[in-house]
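One-letter residues, chain by chain:
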Amino acid sequence: MSASSNTVLVERRGAIALVTLNRPERRNGVTLSMCEAFYGTLKEIAESNARLLVLRGAGDDFCVGADVKGSGEGEHSQPREDEPAEFYHSATLLHTMPQVTLAAIDGGCAGAGMGWAMACDLRFATSRARFSTAFLNVGVSGDMGLAWSLHHLVGGGKARELMFLPERFGGEDALSLGLVNRLFAPDQLHSAVLGVADQLASRDALALRLMKANSLSAEQLPIGEYIDIESARHLETTNRPEWAKLMAEGYARRKGN
């Protein structure tokens, strides 16, 4: 898998697709062409045989949101109202693609960048990470699904507070709020997140994919309908010839811990 553009780099590492937002000189600030490249990259990965996606930023920041000054070549960060903007669904892809998605967050994470991070299945950060919804500060209502993700992660009341009062907060606060799963030292973040991805990649591919599907179904369905679907997927995994071997391997891992 090759780079979609010089602003979005893609590297295939076994079962893991490693995606890097690559405008470090602008703190990975987002432009229209970068959004389009990112959306195209996610579509390609969603249709691939990758099992996991790791999203990170180049340099000292994850992504500080829209680059309000553009690329310096007349490019802007937002489309006109009459322009199609399919790339806004990059957050949809991060949340719903068959692959498990992981965000590695260091430095600034704001606006659209925070929307992308919060849409991921798992989010890891450093103590020096700095978060802000930021949208109201620049007179916009918000994009990249951030209000939706925050509502599901922290509840409606806290989500509204974070959107309406866009103050900056650090990695420790993000951890206590449940916005990130774990904190790592800045010099260990990327290797640690790849370690988590490697651990997940070593698990059974079908079980991992159907577990992701269960997470999505659980968001959408009443419990009775959900359990019907969940149990069907469960039986799909347990009725395989290789399941006895997988059970034995799991038991051996438990004994070794």
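If you're wondering where the values come from, they're calculated on a predicted model, not measured in any experiment.

Counting residues in hydrophobic clusters, the biggest one holds 51 residues, and the most contacted among them are Leu-55, Ile-105, Trp-116 and Phe-131. Among the elements that take part in this core, helix H1 (residues 32-46) stands out by supplying 9 residues, more than any other. In contact with Trp-116, other than residues within four places in its own chain, are Leu-21, Val-30, Cys-35, Phe-38, Leu-55, Cys-63, Ser-90, Ala-91, Leu-94 and Met-144. Counting residues in each nonpolar core, the second largest holds 19 residues, with Leu-18, Leu-52, Val-193 and Val-196 among its members.

Taken as a whole, this structure holds 4 aromatic pairs when the rule is applied. Ring geometry for Phe-124 against Phe-184: centres 6.0 Å apart, planes inclined by 45°, an arrangement best described as tilted. Of the two residues, Phe-124 is situated in strand S6 (residues 122-125) and Phe-184 in the loop between strand S9 (182-183) and helix H7 (189-201); the sequence distance between them amounts to 60 residues.

What follows is about a nonpolar patch on the surface. On the surface, Val-68, Val-138 and Val-140 cluster together into a nonpolar patch covering about 270 Å² of accessible area. In this structure, Val-140 sits in the loop between strand S7 (130-132) and helix H4 (146-154).

Right, let's get into the sheet that holds strand S5 (residues 108-110). Judged by pairing direction, the sheet is mixed, and its 3 strands sit side by side in the order S5-S7-S8 without closing on themselves. Each end of this open sheet is capped by a strand with a single partner; those strands are S5 and strand S8 (169-170). Of the pairings in the sheet, the one linking S5 to S7 comprises 3 bridges and is parallel in character. Of the residues in S7, the one forming a bridge with Cys-109 is Phe-131. Where helix H3 (residues 111-119) meets the sheet, its contacts fall on S5, S7 and S8, and the angle it forms with S5 comes to roughly 90°.

What follows concerns the sheet that holds strand S3 (residues 52-57). Read across the open sheet, the 6 strands follow the order S1-S2-S3-S4-S6-S9; overall the sheet is mixed. In this open sheet, the two strands that pair with only one neighbour each are strand S1 (8-13) and S9. Running at roughly 135° to strand S4 (residues 100-105), H3 makes contact with strand S2 (16-21), S3, S4 and S6 of the sheet.

Glancing now at the pattern of salt bridges. Going through the model one piece at a time under the given rule, you end up with 9 salt bridges. The partner of Asp-106 in a salt bridge is Arg-128, and the shortest N-O contact between them spans 2.7 Å. A residue pair is termed long-range when its members are at least 10 positions apart, and Asp-106 in the loop between S4 and S5 and Arg-128 in the loop between S6 and S7 qualify at 22 residues.

Let us now look at the environment of Gly-142. Positionally, Gly-142 belongs in the loop between S7 and H4. For Gly-142, a relative accessible area of 37% corresponds to the partly exposed category. Linking Gly-142 and Lys-69, residues 73 residues apart in sequence, is a C-alpha distance of 18 Å.

Turning our eyes to something else, we now look at unusual backbone geometry. One non-glycine residue, Ala-134, adopts positive backbone phi at about 70°. Note that Ala-134 resides in the loop between S7 and H4.

Next up on the list: the pairing of S4. With 6 of 6 residues buried, S4 is to be regarded as a mostly interior element. Here S4 shows no split at all, with Val-100, Leu-102 and Ala-104 on one side and Thr-101, Ala-103 and Ile-105 on the other all buried. When S3 meets S4, the two strands line up parallel, connected through 4 bridges. Considered in S4, the bridge of Leu-52 is made with Val-100. In terms of strand pairing, S4 meets S6 through 4 bridges, oriented parallel. Along S6, the bridge assignment pairs Ala-104 with Phe-124.

Another point: the side chain of Arg-23. By secondary structure assignment, the location of Arg-23 is in the loop between S2 and H1. Residue class for Arg-23 comes out buried when judged on its relative accessible area of 6%. In this structure the side chain of Arg-23 is engaged in a polar contact, spanning 3.0 Å, whose partner is the side chain of Asp-67.

Parameters and conventions
Residues numbered from 1 in each chain as written. Predicted model: local features only at pLDDT ≥ 70, side-chain atom pairs only at ≥ 80, totals over all residues. Heavy atoms only, no water. Core = buried A, V, L, I, M, F, W, Y, C linked by side-chain atoms within 4.5 Å. Buried < 20%, exposed > 50% of the residue type's maximum accessible area, 1.4 Å probe, protein only. Helix = DSSP H or I, 4+ residues; strand = E, 2+ residues; numbered from the N terminus. Contact = heavy atoms within 4.5 Å. Phe/Tyr/Trp six-rings, centres within 6.5 Å; stacked < 30°, edge-to-face > 60°. Patch = residues over 30% accessible without salt bridge, like charges linked within 9 Å, V, L, I, M, F, W, Y side chains within 5 Å. Areas by Shrake-Rupley, 256 points an atom, 1.4 Å probe, with all protein chains shown as cover. Salt bridge = Lys/Arg side-chain N within 4 Å of Asp/Glu carboxyl O. Pairing = 2+ DSSP bridges. Axes fitted to C-alpha atoms, helices over the stretch in contact; angles between N-to-C directions. Polar contact = N/O pair within 3.5 Å; in protein donor to acceptor, adjacent residues only side chain to side chain.

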